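# Reading the structure
The residues making up each chain are set out below.
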Amino acid sequence: MKKPRSFKQELTACFGQPVAENPTQVMMEAAFRHHGLDWRYLTIEVAPEGLGDAVRGAKVMGFAGFNCTIPHKVAVIDHLDGLGESAALMRAVNCVVRRDGKFIGENTDGKGFLKALREVTDPRDQAVVMFGAGGAARAIGVELALAGVRRITIVNRSPRRGEELVELLRSATNISCDLVVGPEDYSVPADANIVINATSVGLFPDVDARLPMNPATLRPHMIVADVIPNPPETPFLREAKARGCRVIDGLEMLVNQGVIGIEYWTGIRADATVMRNALEEVFGV
Ligand code: NDP
């Protein structure tokens, strides 16, 4: 069996480099300070065998909730009192919220992406091309389907996760969804409106890595988004900008999942600019 990644390994996988401080904690605490909230966002490493005790501990100690990451996103479900709609569909939780004394699991990754997208366009009835079929793609795909997109084409390097995601989206949300496996030089169809990189291509240190697609097929009417937070300007987004597309970078998704988490826990709508500035400082952008 594959050994679960530690919290530090997971941070390295998310941000592409070992980080001295957890960027999410820095971002959250910047928001708390800005809004005069006497709250704390702590980074606590929990071994898989201690997960149930940790959740029960958080509950009795009065935590408003917590974020969790790999290897706990699926296992945590067994220790919660219920799930939000999209978390139930994707069977993965990254944010737990206390509601009426109960711990409810949500998934804010896809919701953060959707919030960033909605600042630029209404996704209803749009045709989406999404590269990738891992955890980030799954979260984004489910939220886009619930938001009423017309079609999602998943483009993935290998078939297994691609087939699983297409099956999930078709069965759970009833939208039109198809899979393209592993082309070297994928051409984005001219009728696509939203194009997303939800793979890890472009993450530090492989900052020059390119998606297996033909950039000449990106057209000015397309909104092009990337999940990569570090560095936020990837070759994919540079190509898209050069072709006149509106772009959304991976920091926007990260900031917006934080904004949603803070609102769930505190009821306050946090200032996204303050949070983005804090992240940019951590990443030296
Ligand atoms: P996973 O490991 O679950 O999935 C990775 C995906 O990328 C798979 O679809 C994989 O294809 C594909 N992939 C990896 N390398 C290549 C390559 N060289 N060429 C083509 N496809 C490739 O990772 P996650 O989904 O959890 O995370 C993906 C990225 O999303 C990470 O880099 C992370 O930083 C970012 N992320 C950003 C967030 C934000 O808030 N901005 C939130 C969460 C994640 P295959 O199935 O064939 O292996």
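Residues numbered from 1 in each chain as written. Predicted model: local features only at pLDDT ≥ 70, side-chain atom pairs only at ≥ 80, totals over all residues. Heavy atoms only, no water.

Applying the stated rule across the entire model yields 16 salt bridges. Measuring nitrogen to oxygen at the nearest pair gives 2.9 Å for the salt bridge that ties lysine 241 to glutamate 233. When its relative accessible area of 45% is taken as the criterion, lysine 241 is described as partly exposed. Classification of glutamate 233 by relative accessible area gives partly exposed; the value is 37%. (Salt bridge = Lys/Arg side-chain N within 4 Å of Asp/Glu carboxyl O. Buried < 20%, exposed > 50% of the residue type's maximum accessible area, 1.4 Å probe, protein only.)

Across the interface, helix α2 (residues 23-34) lies against helix α9 (residues 250-266) with an axial gap of 10 Å and an inter-helix angle of 55°. Considered as vectors, α2 and α9 are oriented oblique to each other. You can see that α2 and α9 cross each other, and the crossing is right-handed. Residues Thr24, Met27, Met28, Ala31 and Phe32 of α2 form the contact with α9, whose participating residues are Leu254, Val255, Gln257, Gly258, Ile262 and Trp265. Split into classes, the residues belonging to the contact of α2 with α9 amount to eight nonpolar, three polar and no charged. (Axes fitted to C-alpha atoms, helices over the stretch in contact; angles between N-to-C directions. Helix = DSSP H or I, 4+ residues; strand = E, 2+ residues; numbered from the N terminus. Parallel < 35°, antiparallel > 145°, perpendicular 65-115°, else oblique. Left-handed = near helix turned anticlockwise from the far one by under 90°. Contact = heavy atoms within 4.5 Å. Nonpolar A, V, L, I, M, F, W, Y, C, P; charged D, E, K, R; others polar.)

Time to look at the pairing of strand β6 (residues 151-156). Counting buried positions along β6 yields six of six residues, so the element is predominantly enclosed. By the alternation rule, side chains of β6 split into Arg151, Thr153 and Val155 and Ile152, Ile154 and Asn156, which are all buried. Between the parallel elements strand β5 (residues 127-131) and β6, the chain passes through helix α6 (residues 135-146) in a crossover that is right-handed. Strand direction decides the pairing type here: β6 and strand β7 (residues 176-181), joined by six bridges, are parallel. Residue pairing for β7: threonine 153 is matched across the bridge by aspartate 178. In this fold, the crossover linking β6 to β7 by way of helix α7 (residues 159-173) has right-handed handedness. (Right-handed = clockwise from strand over helix to strand, strands pointing away. Pairing = 2+ DSSP bridges.)

Helix-helix packing is described using two parameters, namely the angle between the two axes and the distance between the axes. Viewed as axis vectors pointing N to C, helix α5 (residues 108-118) and α9 meet at an angle of 110°, and their least axial separation amounts to 7 Å. Between α5 and α9, the angle is such that the two are roughly perpendicular. Crossing of α5 against α9: the hand is right-handed. Contacts between α5 and α9 involve Thr108, Asp109, Lys111, Gly112, Phe113, Lys115 and Ala116 from the former and Glu252, Met253, Asn256, Gln257, Val259, Ile260 and Tyr264 from the latter. Its residues assigned to classes, the contact of α5 with α9 comprises six nonpolar, four polar and four charged.

With eight of eleven residues buried, α5 is to be regarded as a mostly interior element. Residues Thr108, Asp109, Gly110, Gly112, Phe113, Leu114, Ala116 and Leu117 constitute the buried set of α5. The N-cap residue of α5 is asparagine 107: its side-chain oxygen and the backbone nitrogen of aspartate 109 are 3.1 Å apart. (Polar contact = N/O pair within 3.5 Å; in protein donor to acceptor, adjacent residues only side chain to side chain.)

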